[in-house]
Amino acid sequence: MKSLLNRNDTIGLISCSNGLDVNMKEKIDELITILSSMKINVITSKTLFKDSSGMTYDPKIRAKELMNLYINEDIKIIFDLSGGDLCNEILDYLDYDIISKYEKPFFGYSDLTVILNALLKQSNTVNYNYQLRNLIREDSINQINNFKNSILEGNSDLFNFNYKWIQGSSMSGTVIGGNIRCFLKLAGTKFMPDFKNKILFLEALSGDINKITTFLTQYKQIGAFDNINGILLGTFTELEKDSSSPKIEDILIKILENPIIPIAKTDELGHSSNSKCIGIGKSLYLD
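Residues numbered from 1 in each chain as written. Predicted model: local features only at pLDDT ≥ 70, side-chain atom pairs only at ≥ 80, totals over all residues. Heavy atoms only, no water.

> Any chance you could break down the UniProt feature "active site" (unreviewed entry) in the protein chain for me, citing the residues and the numbers?
Cross-referencing UniProt, the feature "active site" (unreviewed entry) maps to S110, E203 and H271 in the present numbering. Separation in sequence by 162 residues is not matched in space for these annotated residues, since their most distant C-alpha atoms are only 8.6 Å apart. Relative to the elements of secondary structure, S110 occurs in the loop between β4 (106-108) and α4 (113-123). With respect to the helices and strands, the residue E203 is situated in strand β8 (residues 198-204). Those residues in contact with E203, other than ones at most four positions away along the chain, are S110, G178, N179, I180, G234, T235, F236, L269, G270 and H271. Of the polar contacts made by the side chain of E203, one reaches the side chain of N179; its length is 3.5 Å. (UniProt positions renumbered as here; feature names shortened; annotations may be inferred. Helix = DSSP H or I, 4+ residues; strand = E, 2+ residues; numbered from the N terminus. Contact = heavy atoms within 4.5 Å. Polar contact = N/O pair within 3.5 Å; in protein donor to acceptor, adjacent residues only side chain to side chain.)

Listed below in structure tokens is the structure:
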């Protein structure tokens, strides 16, 4: 694949969901130091951290800051470092025509699932489910190597993940989805992508058997499973920590009642420190 970034290029860092706590500044400085060692220049948005009163910035301000990163000719990639609950607040204030024009890769995960899929629907752009802060987490050495080899060198280390088949033996289509809870925020809105002929990727940080069951039931009730080409399950952190709980694949199969839909499971996409990257809006073939 083609490298997304060259050395001496510039990236932008922002929080479009909940602003980061100021006590995280030391860790973010560490992240910037790592990026600088790769000869990557960094511009930070003023909404990266919470405001002086300890609150996340107003959604109009966050949206404006994001648009500023898109129209800044120097910035090649936008990385969102946030997560939480507030991402959908900014959707109505973005200019999707401008975003489509500049077509810069946007990286984020968890609550940023909202933006990743809204950008696909409204601007027809490919963006990426990945948290850049993985570079300063437990698996940092592998993450830094994968990031450098893929983003700067054009290899596929960050994008290749191991998986096993739960049902079926192949699937192909454009990937949509992300965090199982956050993706549902788009249900009933103009920002939800069409599920037809797609691969639905789902993962979760929080959620016991009851929450995951109700989320999957809602997907079924909105028709998400009716015409999809396959389902890719990532990690379900809270659920998988409970050894007494049914596996995510067993919960899904029971709700689906459809032995035809291909289902694959990976432990390398989600919220864990070793998680890799998957393109939302990108074609994927698994066999």
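Having put the structure on the table, let's press on.
> Lay out the sheet that holds strand β1 (residues 10-14) in plain terms, naming residues and giving numbers.
Neighbouring strands of a sheet are bound in pairs by backbone hydrogen bonds; such pairs are parallel or else antiparallel. Read across the open sheet, the six strands follow the order β2-β1-β3-β4-β5-β11; overall the sheet is mixed. Two strands in the sheet have a free side with no partner beyond their single neighbour: β2 (41-44) and β11 (278-280). Across this sheet, the average inter-strand angle for adjacent strands is 25 degrees, counted without regard to direction. Two elements, β1 and β2, share four bridges in a ladder whose sense is parallel. The partner of T10 across the bridge, within β2, is N41. Each of β4, β5 (127-129) and β11 is contacted by α4, which is oriented at about 155 degrees to β5, the strand it contacts most. (Pairing = 2+ DSSP bridges. Axes fitted to C-alpha atoms, helices over the stretch in contact; angles between N-to-C directions.)

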